[in-house]
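The primary structure of each chain is shown beneath.
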Amino acid sequence: MNYRAFWAVAQVCAAAFLCLPIPRALAVESQPPQPVVAVAFPVASDVRVAGDGKQTRFILDLDRKIDARAFVLADPYRVVVDIPQVTFNLSPGVGKEGRGLIRAFRYGLVMPGGSRVVFDLTGPAKIEKTYVIDPANGQPARLVVELAAVEGSAFKASSPGEDKVQLRPAIIADASGTAVETTGTTRTAKTTDSRPVIVIDPGHGGIDNGTQAATGESEKMLVLDFAKALRDRIEKSGKFRVVMTRDDDTFVPLGERVRIARSNTAALFVSIHADALPKREGDAQGATVYTLSERASDAEAEKLAEAENKADAIAGINLTEEPAEVADILIELTQRETRTFSNRFARTLVNEMKGVARMHKHPLKSAGFKVLKAHDVPSVLVELGYVSNKDDLQHLVSESWRSRTVGSVAQAVDAFLGKRVVSTGPSN
């Protein structure tokens, strides 16, 4: 075949190839990347309460119709309304004061994909109706809950088990550093990582804001920022594996926080909080480290523990459903040893923190915090400071202060657990 003939055949083959269908894999690769569509949650734009001590109506304005389920609880009297995850664009401070049968109400995320509104009632009541009105005539969709007062003898709480929250998964890291999930009750991630596990517990979250500063900062976000920074600092050393009870603005029940620590066979549990005092009770300041004790070290510690232990009630969880630990001799012996280690770490932590952070005049205290009751996990609760104190709040929002204080806590963890670490990374 001469040169001209060869070139003609080549042109025919090329034309035929261009007419062939493009293989699916190549076609997909050649398409421009598709934009990621963010999930737009329903938006709540306004809320109001009407009525009196006999009949009360709660109305929540929404940009679309949603499903809702309401039930009542006793001790104390509350109404809980469960709805899909909602973005609450409501006025600051709304809900602190109610009307009629609703003394006050609060709202927020209670699990990924689910929000909750909780009414604190002035007395026993029943839910007469719960319904959602379609948007019409320029008016938004509306969630309506109608309540009516009843005698105490006629009050009927929800059936056992109806009010149990679907617990959110905890976020942990496997041996390769990849994020995986566990419910806290059973480990779903199989790992050969033999490093000690540190569980960091940012207090409150979701529907439970914790304490609130006069300037608007909430405890739940302040302690979450601190906990994330502490996680990053500890993980950087490579000596320990870190588990967070929450890494976003989600509510986690107290019992679930304890179960997360125990299910991960934690070597240490550190709960992070920020306290506040009413103006009439003075202007306390400085950080405090608490350990577990059935008898509080002082009246302030006892009052704080009582407030923190109400977190589940604040989120509308029936506390009577929480299982009790079996109190046998083996558990009692384990508890004694665990408390010894907890006290030892608390002293180590105070010694490290006092070099960089202002401490309370009595920095070591104890009280009956439910979140510290894992009988086989050394546990402490750290109050970073008082959001009610101007100087403490200035520290809590300062990245420089946070970095220094995080470094001191990480150093205390290393001093306490460093001798147990046989390698600087996960085993193969």
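Above this text sits the structure in question.
Conventions we followed
- Residues numbered from 1 in each chain as written.
- Predicted model: local features only at pLDDT ≥ 70, side-chain atom pairs only at ≥ 80, totals over all residues.
- Heavy atoms only, no water.
- Pairing = 2+ DSSP bridges.
- Helix = DSSP H or I, 4+ residues; strand = E, 2+ residues; numbered from the N terminus.
- Axes fitted to C-alpha atoms, helices over the stretch in contact; angles between N-to-C directions.
- Parallel < 35°, antiparallel > 145°, perpendicular 65-115°, else oblique.
- Left-handed = near helix turned anticlockwise from the far one by under 90°.
- Contact = heavy atoms within 4.5 Å.
- Nonpolar A, V, L, I, M, F, W, Y, C, P; charged D, E, K, R; others polar.
- Expected span 1.5 Å × (residues − 1).
- Buried < 20%, exposed > 50% of the residue type's maximum accessible area, 1.4 Å probe, protein only.
- 1 Å grid on protein atoms, 1.4 Å probe; cavity = no way out; pocket = protein on both sides within 12 Å on 5 of 7 lines; lining within 4 Å.
- Points joined across faces, edges and corners; volume = space filled by probe spheres on them.

Draft legend 1. Quick look at the sheet that holds strand β3 (residues 69-73). With antiparallel pairing, the four strands of this open sheet are ordered in space as β3-β4-β7-β6. At either end of the open sheet lies a strand with only one pairing partner, and these are β3 and β6 (102-111). Strand after strand, the sheet turns through a mean of 20° between neighbouring axes, direction not considered. Here β6 runs beside strand β7 (residues 114-121); their pairing, made up of eight bridges, is antiparallel. Looking across to β7, one finds that Ile102 is bridged to Leu121.

Draft legend 2. A look at the packing of helix α3 (residues 219-237) against helix α9 (residues 399-417). Here α3 crosses α9 at 50°, and the two axes come no closer than 9 Å. The orientation of α3 relative to α9 falls into the category oblique. The crossing of α3 and α9 is right-handed. Along its contact with α3, which presents Asp225, Phe226, Ala229, Leu230, Arg233 and Ile234, the element α9 presents Trp401, Arg402, Ser403, Thr405, Val406, Gly407, Val409, Ala410 and Val413. Looking at the contact of α3 with α9, its residues break down into nine nonpolar, three polar and three charged.

Draft legend 3. Expanded view of the sheet that holds strand β1 (residues 43-51). Reading across the sheet, the five strands line up as β5-β1-β2-β9-β8 and stay open at both edges, with mixed pairing between neighbours. At either end of the open sheet lies a strand with only one pairing partner, and these are β5 (87-88) and β8 (125-133). As paired elements, β1 and β5 share two bridges and run parallel to each other. Counterpart to Val43 in the pairing with β5 is Thr87.

Draft legend 4. Looking closely at α3. The terminal C-alpha atoms of α3 lie 28 Å apart, and with 19 residues this matches the ideal 27 Å at 1.5 Å per residue to within 8%. Positioned one or two residues after α3, Gly238 has a phi angle of 80°, which is positive.

Draft legend 5. Main features of the side chain of Ser366. Here Ser366 is to be found in strand β16 (residues 359-367). We classify Ser366 as buried; its relative accessible area is 15%. Residue contacts for Ser366: discarding those within four places in its chain leaves Tyr290, Thr291, Leu292, Ser293, Arg295, Ala296, Ser297 and Ala301.

Draft legend 6. Structural detail: empty space enclosed by the protein. Applying the stated rule across the entire model yields two cavities of 30 Å³ or more. Put simply, the largest cavity is a space of about 110 Å³. Forming the walls of the largest cavity are 18 residues, and the residues nearest its centre are Leu254, Arg257, His273, Glu308 and Ala311. If you list the elements that add at least two residues to the lining of the largest cavity, you get α4 (254-263) and α6 (311-314). For the lining of the largest cavity, the class distribution of residues is eight nonpolar, four polar and six charged. Approximately 40 Å³ is the volume attributed to the second largest cavity. Lining the second largest cavity, in full, are Arg358, Leu384, Gly385, Asp392, His395 and Trp401.

Draft legend 7. Spotlight on the environment of Phe240. Along the polypeptide, Phe240 turns up in the loop between α3 and β13 (241-244). A relative accessible area of 3% places Phe240 in the buried class. When the C-alpha atoms of Phe240 and Asp414 are compared, they prove to be 8.9 Å apart, with 174 residues separating the residues in sequence.

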